[in-house]
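Descriptive analysis of the structure
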Protein chains: 2
Amino acid sequence: MSRTDTPRRGGRQGRAGIRDVAAAAGVSITTVSDALNGKGRLPDATRRHVREVAERLGYRPSAAARTLRTGKSGLIGLTVTTYGDEPFTFTEFAYFAEMARAATSAALARGYALVILPATSRHDVWSNVALDGTVVIDPSDQDPVVTELVRQGLPVVSDGRPAGTLPVTAWVDNDHRAAVLDLLDHLAAAGARRIGLLTGTTTDTYTRLSTTAYLHWCERVGQDPVYESYPAHDPCAGAVAADRLLARPDRPDAVYGLFDPNGTDLLAAARRYGLRVPEDLLLVCCSESTVYATTEPPITTLSLKPRRIGTAVVQLLIDAIEGVTHDGPVEQVIPTELIVRTSSQRRPPRTTVSAPRSPAGD
Amino acid sequence: MSRTDTPRRGGRQGRAGIRDVAAAAGVSITTVSDALNGKGRLPDATRRHVREVAERLGYRPSAAARTLRTGKSGLIGLTVTTYGDEPFTFTEFAYFAEMARAATSAALARGYALVILPATSRHDVWSNVALDGTVVIDPSDQDPVVTELVRQGLPVVSDGRPAGTLPVTAWVDNDHRAAVLDLLDHLAAAGARRIGLLTGTTTDTYTRLSTTAYLHWCERVGQDPVYESYPAHDPCAGAVAADRLLARPDRPDAVYGLFDPNGTDLLAAARRYGLRVPEDLLLVCCSESTVYATTEPPITTLSLKPRRIGTAVVQLLIDAIEGVTHDGPVEQVIPTELIVRTSSQRRPPRTTVSAPRSPAGD
DNA sequence: CTCGTTGACAGGTACGTTTTTGCATGATCA
DNA sequence: TGATCATGCAAAAACGTACCTGTCAACGAG
């Protein structure tokens, strides 16, 4: 009477295993595995029979056992910068949401699922999930998470050019420098004489590259830089900084805002100072939000194409996982898109003009 | 000497296993497991020694093996409605992003990670990942995914009251009916004589409950319903519907828009018809976006508090996973919040008034 | 008649843990 | 002194799958 009760530890209480299917179908475990996975040499009759019995028993293979045996989990990590404490900044919401959505779709289409993980290097979360690879958003220099993952031999693809000598498998990014220069040229062509910048105090690559591109442009055309910085994670600070920028004695006649809410912030500040847009002030901001199509006036935005980035990142990662090896890190640059609206055109056009890029296909 | 070559299948090529740690530390496998997991009765010296050796070898336990053995994966599914084909509607972006963010944080805080999964019942994705439970967003009646999960004995918690007799473990939702009635009373108190509604053609619970609440309210106060419906997933259709609503002969003097972009859409339409907000038209829309704080004028919004919903859903799910059993489905109603701004106040206040709530902490 | 050959399956092992059980060893107590 | 007991650890059994290595029959070729 010592071991009458073996209550099937391991959570799958009562669930049918491959062994039960084999018994019910009158074949061996090997045959069941081969029949369900389309391997081995089995007559179609046996294959059908096994499949039918498995269906009848409601058999679902154990993902854990399969992963343990094959070494592939079908899971991809998606690392969000500083998720644990203060989640990713509010200003990146639309960008992140779209990027994650595209990444999820792309992964699912190839049979993988996405796991959201924090950028903290606390092992107790990371080591609890078997990953085949990881997407890292905007990794910092010497990122401990990336280093650890690479040490484990896992492929890592980053959204954003890796700083320093971070050994990522591949990366995808925009050409932020070219985007900013292009955009400033656009404003100058619309008649801007002094272009201001609303930027962030953070040191991430996007902010840094964009700001230095602005400074270079100013130097090239011989304009004094006019900019205000604020901590991008604080939505209120953005409104204050926008106000400061327009309150300056050397007030710019055009402004580019690096972050999503800057458009409405600048618009509100312009109203406070009685500045008409675009007559007195040209406006552009970097955003993925569609609200800027219906503001008064509609605001020109720079889109970083997060959908394409999310898709590309996942494709590269899965390629690496499935053994499509390249030599050296693979780099892929996604073009940005300037969506020109009323706010950046000195003489209002008859129709709202979009940039002459590929119109469809995202 | 027949099996000299066992090239360590299973992906962890070269990775140190618990057996290697045991050998290096001169103890048994059991001792290593106990030392690292804080179980068993070991002197601190042994425990430290084993931990140090494990650290030196860079040992990381295999999540797959642990899951197989314990039956717990530490993974929670997050099911997004109709993700595969056309991802979740653009109008729900901010809501979903915030909800998912809160859910992720709450899960991580309790040692779980979130896996994003599609609502399609294709087994090949679902069966590849070992889940401890699942969060389902707005499940449809007789949802096949939920049914299958429950059949497998997994706890399921839904965001949104389950329709019909869907056997979820627990659910969290707002009281949409009360929120709409409250909001309409607010508009009436501000002087609205005829309140219009911008609603959707979809049959999801949120749209349905909100619309019927509106109709009930109209009946109660003796007002003829004035509403326009449009497919919420099409952002352009929203602008058209807003225009239609204000072009009607029985034009309303106040409008509530059910979806996030309706605020800017209605504002644009009002400008086209020369209507001043709030003097000629009162405006409220349901949104989680902060842009409505800086539009001209700022627009009153109804927040569904997705952060609190995401947190609550995950807490309930993990409680169920970890054996905190309740009898019958657990229901939790999260209060909504009406953030009153200029657009719904007939006599403009001296300062922009925010709702009298706790200013910080969500 | 024997001998490879091929088809159709079964046996058994390994994946890397956790956990139960059990065996020594020394200390404590009747 | 012998019985009892706590302590410190090891052996071994799972967990459920995938795959490698047979085995056995049938069968045509030599």
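Residues numbered from 1 in each chain as written. Chains lettered and ligands numbered in written order. Predicted model: local features only at pLDDT ≥ 70, side-chain atom pairs only at ≥ 80, totals over all residues. Heavy atoms only, no water.

**Considering the protein's contact with DNA strand C**
Near DNA strand C lie 29 residues; those nearest to it are Ser28(A), Thr30(A), Pro43(A), Ile18(B) and Arg69(B). For DNA strand C, the backbone makes up 59% of the atoms found within 4 Å of the protein, where backbone means sugar plus phosphate. Between Arg66(B) and DNA strand C, the recorded distance is 2.9 Å, taken from a side-chain N or O atom to a phosphate oxygen. Breaking the surface near DNA strand C down by element, the ones donating at least two residues are helix 2 (29-37) and helix 4 (63-70) of chain A together with helix 2 (29-37) and helix 4 (63-70) of chain B. Partitioned by chemical class, the residues of the surface near DNA strand C number nine nonpolar, 11 polar and nine charged. (Near = heavy atom within 4 Å. Polar contact = N/O pair within 3.5 Å; in protein donor to acceptor, adjacent residues only side chain to side chain. Helix = DSSP H or I, 4+ residues; strand = E, 2+ residues; numbered from the N terminus. Nonpolar A, V, L, I, M, F, W, Y, C, P; charged D, E, K, R; others polar.)

**Let's talk about the environment of Ile321(B)**
Residues and elements named next belong to chain B. Relative to the helices and strands, Ile 321 is located in helix 12 (residues 306-321). Ile 321 sits in the buried class, given a relative accessible area of 10%. Through-space distance from the C-alpha of Ile 321 to that of Gly 133 is 6.8 Å; in sequence the pair is 188 residues apart. Aside from chain neighbours lying at most four places away, what touches Ile 321 is Lys 72, Ile 76, Tyr 112, Asp 132, Gly 133 and Pro 155. (Buried < 20%, exposed > 50% of the residue type's maximum accessible area, 1.4 Å probe, protein only. Contact = heavy atoms within 4.5 Å.)

**Quick word on the sheet that holds strand 8 (residues 254-257) of chain B**
Residues and elements named next belong to chain B. Across the sheet, which stays open at both edges, the six strands sit in the order 7-6-8-9-10-12 with mixed pairing between neighbours. On the outer flanks of this sheet lie strand 7 (226-230) and strand 12 (337-339), each paired with one strand and no other. Strand-to-strand, the axes of this sheet are offset by a mean angle of 15°, without reference to chain direction. Where strand 10 (residues 300-303) lies against strand 12, three bridges are found, and the strand directions are antiparallel. Looking at the pairing, Ser 303 lines up with Glu 337 of strand 12. (Pairing = 2+ DSSP bridges. Axes fitted to C-alpha atoms, helices over the stretch in contact; angles between N-to-C directions.)

**What to know about the sheet that holds strand 1 (residues 75-80) of chain B**
Sheet architecture is open: 12 strands sit in the order 11(A)-5(A)-4(A)-3(A)-1(A)-2(A)-2(B)-1(B)-3(B)-4(B)-5(B)-11(B), paired in mixed fashion. Each of the sheet's edge strands pairs with one partner strand only, and the pair in question is strand 11 (330-334) of chain A together with strand 11 (330-334) of chain B. Strand-to-strand twist across the sheet, computed as the mean angle between neighbouring axes with direction ignored, equals 20°. Examined bridge by bridge, strand 4 (residues 156-159) of chain A and strand 5 (residues 170-174) of chain A share three bridges and lie parallel to one another. From the neighbouring strand, Val157(A) faces strand 5 of chain A, where its bridge partner is Ala170(A).

**Thoughts on the relation of the copies chain A and chain B**
Mapping chain A onto chain B leaves a residual RMSD of 0.1 Å; the transformation is a rotation of 180° accompanied by 0.1 Å of translation along its axis. Accordingly, the operation relating the two chain copies is best matched by a two-fold axis. By C-alpha distance to the rotation axis, the residue of chain A lying nearest is Val115(A), at 2.2 Å. A high fraction, 97%, of the interface residues of chain A reappear at the interface in chain B, so the copies pair face to face through one surface. (Least-squares fit on C-alpha atoms with pLDDT ≥ 70 in both.)

**Description of the pairing of strand 4 of chain A**
All names here are of chain A. Burial of strand 4 is two-sided: the residues Val 156 and Ser 158 facing one way and the residues Val 157 and Asp 159 facing the other way are all buried. As defined by bridge partners, strand 3 (residues 133-137) adjoins strand 4 across four bridges and the pair is classed as parallel. Considered in strand 4, the bridge of Val 136 is made with Ser 158.

**Focus on the confidence of the model for chain A**
For chain A, the mean per-residue pLDDT works out to 86, and 88% of the residues sit at or above 70. Low confidence marks residues 1-11 of chain A, where pLDDT is under 50. Its contacts with residues over four positions away, or in another chain, come to nine contacts. (pLDDT = per-residue confidence, 0-100.)

**Details of the packing of aromatic side chains**
Residues and elements named next belong to chain A. Within the structure shown, the criterion is met by four aromatic pairs over all chains. An angle of 70° between the planes, with centres 6.2 Å apart, marks the rings of Tyr 206 and Phe 259 as edge-to-face. With Tyr 206 in helix 9 (residues 205-221) and Phe 259 in the loop between strand 8 (254-257) and helix 11 (262-272), this pair connects stretches of sequence that are 53 residues apart. Judged by relative accessible area, which is 13%, Tyr 206 ranks as buried. In this structure an aromatic cluster arises from ring pairing among Tyr 206, Tyr 230 and Phe 259. (Phe/Tyr/Trp six-rings, centres within 6.5 Å; stacked < 30°, edge-to-face > 60°.)

**Description of the pairing of strand 6 (residues 195-200) of chain B**
Strand residues, when the strand is regular, have side chains that alternate between the two faces of the sheet. Residues and elements named next belong to chain B. Of all the six residues making up strand 6, six are buried; the element is thus mostly covered by neighbouring parts of the structure. Burial along strand 6 is two-sided: the face carrying Ile 195, Leu 197 and Thr 199 and the face carrying Gly 196, Leu 198 and Gly 200 are both buried. The pairing of strand 6 with strand 8 spans four bridges and is parallel. Following the sheet pairing, Ile 195 is matched in strand 8 by Ala 254.

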